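Working through the structure, step by step
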Amino acid sequence: MSFEIILLILLAALLHASWNAVIKGGSNKLYETGLNCFGGGVGVLFIVPFLPFPALESLKFLAGSCTVHIAYYLCIAVAYRNVDMSFAYTIMRGTAPLLTSVFMLLSGHEMPLAGWLGILCLCAGVLTLTRDNIKNGKFNINGALAAVGTAVVIMGYTLFDGYGARASGNPISYVCWLYVINTFPINVILLLRQRKTYIPYFCNRWKHGLFGGLCSLGSYGVALWAMTKAPIAMVAALRETSVIFGMLLAVFFLGEKFSAVKLLAVVLVATGIFFMH
């Protein structure tokens with residue numbers, strides 16, 4: 001993987017950490033997810049008219065991804081009800097690229113040894129951050145299982161979108177249409193079932209949702225473009241350095257302590273990036 005692509009994916013990871021920080025800052029994580037989808041959908045409305053429609057071969061992947069994303073939102077809600085957000089998020093983001101890599105291997109896709117070492121180091125670095133949560137008594141078996149289930153769902157939409165972006169002929173157009181379609185399911189469900197509380201929440205936090213959605217759009221757009229230039233499994237793993245960026249943002253701006261465990265996580269991730277280059 002070229003150094004330029006690695007830098008772009010790291011930028012995407014920083015944007016990913018930023019929109020997750022927005023969600024973490026809200027009092028209702030499910031509502032924040034709906035706002036995030038809305039923000040991304042609004043952002044692409046200014047781009048879609050100037051882009052070609054994705055190739056017909058990619059539409060089956062687009063449909064599959066949108067379906068899996070609905071399951072993703074539901075799984076996240078279950079996971080966050082049972083366990084601390086930082087614990088669940090770390091498990092699902094650290095496990096998903098490893099599952100994606102195993103699936104790619106079983107599907108007959110070859111990858112150099114350095115790529116595998118990089119993925120393993122990155123995943124190990126991300127999962128290392130769960131130790132502090134376990135030590136502080138935040139472990140919950142139901143929440144952990146829900147987080148692993150969410151990781152399987154993440155693997156699903158990563159594969160759909162990775163192949164879909166390649167088949168689309170225009171990865172930017174593909175991701176924009178993905179965000180247009182994904183705006184509706186979760187927001188329609190929230191409006192039908194919880195509109196009395198969701199609408200006031202929406203009116204109060206829509207600016208945060210717009211900012212987070214635009215960060216999400218930029219992050220995923222770069223990642224899908226990178227998947228057309230480099231192995232999907234490696235891009236997926238490198239993108240999950242967002243967890244490390246999130247931890248560092250919390251240390252520098254929110255006053256969280258920088259522990260030996262966090263240092264180990266940073267070293268493992270840096271080692272993984274070295275192997276991938």
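Treat the numbers as computed from the prediction; the structure is a model and nothing was measured.

1. Topic: the overall build of the chain
When its secondary structure is counted, the chain shows 11 helices and zero strands. In sequence order, the chain lays out its α and β elements as α-α-α-α-α-α-α-α-α-α-α. Its C-alpha atoms give the chain a radius of gyration of 18 Å, within 12% of the compact-globule value 19 Å for 277 residues. Here the C-alpha coordinates of the chain stretch approximately 45 × 45 × 30 Å along the principal axes.

2. A short note on the UniProt feature "transmembrane region" (unreviewed entry) in the chain
Here the UniProt feature "transmembrane region" (unreviewed entry) sits at residues 61–80, 87–107, 113–129, 141–160, 172–192, 208–226, 232–253 and 260–276. Between the end C-alpha atoms of residues 232–253 the distance is 32 Å, and the span holds 91% helix and 0% strand.

3. As for the nonpolar core
By size, the foremost hydrophobic cluster in this structure holds 71 residues, and its most contacted members are Met92, Ile119 and Tyr220. Looking at this core element by element, the count peaks at 16 residues for helix α8 (residues 171–227).

4. Quick word on the side chain of Thr90
Tracing the backbone shows Thr90 in helix α4 (residues 85–106). Judged by its relative accessible area of 5%, Thr90 is buried. In contact with Thr90, not counting residues within four places along its chain, are Val126, Leu127, Leu129, Thr130 and Val243.

5. Things to note about α8
The end-to-end C-alpha distance of α8, which contains 57 residues, comes to just 9 Å, noticeably less than the 84 Å that a straight helix rising 1.5 Å per residue would cover. Maximum bend of α8: about 120°, positioned at Gln194.

6. Let's talk about helix α2 (residues 29–44)
A rise of 1.5 Å per residue sets the reference length of α2, with its 16 residues, at 22 Å; its end C-alpha atoms lie 23 Å apart and thus fit the reference within 8%. Counting buried residues along α2, 12 of its 16 residues qualify, which places the element largely inside the surrounding structure. Regarding α2, the residues found buried are Tyr31, Glu32, Thr33, Gly34, Leu35, Asn36, Cys37, Gly39, Gly40, Gly41, Gly43 and Val44. At the N-terminal end of α2, a side-chain oxygen is found 3.2 Å from the backbone nitrogen of Leu30, two or three residues along, and the residue is Asn28.

7. Considering the packing of helix α1 (residues 3–25) against helix α10 (residues 242–253)
Interhelical geometry of α1 versus α10 gives an angle of 55° and a closest axis separation of 8 Å. Taken as axis vectors, α1 and α10 run oblique relative to one another. For the crossing formed where α1 meets α10, the hand is right-handed. Of the residues in α10, those touching α1 at Leu10, Ala13, Leu14, His16 and Ala17 are Ser242, Phe245, Gly246 and Leu249.

8. Considerations on the pattern of salt bridges
What the rule picks out here adds up to one salt bridge. Note that Arg205 is salt-bridged to Glu32, the shortest N-O span being 2.7 Å. With Arg205 in helix α8 and Glu32 in helix α2, this residue pair connects regions lying 173 residues apart in the sequence. Looking at Glu32, the relative accessible area reads 1%, which means it is buried.

9. Topic: the packing of aromatic side chains
Counted under the stated rule, the structure contains nine aromatic pairs. Aromatic pair Tyr198 and Phe202: ring centres 6.0 Å apart, planes at 70°, arrangement edge-to-face. Residue Tyr198 and its partner Phe202 are located together in helix α8, separated by four residues, close to a single helical turn. Its relative accessible area of 1% is what places Tyr198 among the buried residues. Of the aromatic side chains, those joined through ring pairs into one cluster are Tyr31, Phe38, Tyr198, Tyr201 and Phe202.

10. Points about the environment of Tyr198
Between the C-alpha atom of Tyr198 and that of Thr241, which follows or precedes it by 43 residues, the distance is 32 Å. Non-local contacts of Tyr198, meaning those with residues more than four positions away in its chain, are made with Tyr31, Gly34, Leu35, Asn187, Leu190 and Leu191. Within the structure, the side chain of Tyr198 is placed 2.5 Å from the side chain of Asn187, a separation counted as a polar contact.

11. Focus: the side chain of Thr100
You can see Thr100 is positioned in helix α4. The exposure class of Thr100 is buried, given its relative accessible area of 0%. In this view, Thr100 contacts Met155, Thr158, Leu159 and Ala233; residues no more than four positions away in its chain are not counted.

12. Quick look at a nonpolar patch on the surface
Nonpolar side chains collect at one region of the surface, where Leu45, Phe46, Ile47 and Ile172 lie side by side and expose about 400 Å² of accessible area between them. Inspection of the secondary structure puts Ile172 in helix α8. On the basis of relative accessibility, which here comes to 37%, the residue Ile172 falls in the partly exposed class.

Procedures and definitions
Residues numbered from 1 in each chain as written. Predicted model: local features only at pLDDT ≥ 70, side-chain atom pairs only at ≥ 80, totals over all residues. Heavy atoms only, no water. Helix = DSSP H or I, 4+ residues; strand = E, 2+ residues; numbered from the N terminus. Rg over C-alpha atoms; globule rule 2.2 N^0.38 Å. UniProt positions renumbered as here; feature names shortened; annotations may be inferred. Core = buried A, V, L, I, M, F, W, Y, C linked by side-chain atoms within 4.5 Å. Buried < 20%, exposed > 50% of the residue type's maximum accessible area, 1.4 Å probe, protein only. Contact = heavy atoms within 4.5 Å. Expected span 1.5 Å × (residues − 1). Bend = angle between axes of the 7 residues up to and from the residue. Polar contact = N/O pair within 3.5 Å; in protein donor to acceptor, adjacent residues only side chain to side chain. Axes fitted to C-alpha atoms, helices over the stretch in contact; angles between N-to-C directions. Parallel < 35°, antiparallel > 145°, perpendicular 65-115°, else oblique. Left-handed = near helix turned anticlockwise from the far one by under 90°. Salt bridge = Lys/Arg side-chain N within 4 Å of Asp/Glu carboxyl O. Phe/Tyr/Trp six-rings, centres within 6.5 Å; stacked < 30°, edge-to-face > 60°. Patch = residues over 30% accessible without salt bridge, like charges linked within 9 Å, V, L, I, M, F, W, Y side chains within 5 Å. Areas by Shrake-Rupley, 256 points an atom, 1.4 Å probe, with all protein chains shown as cover.

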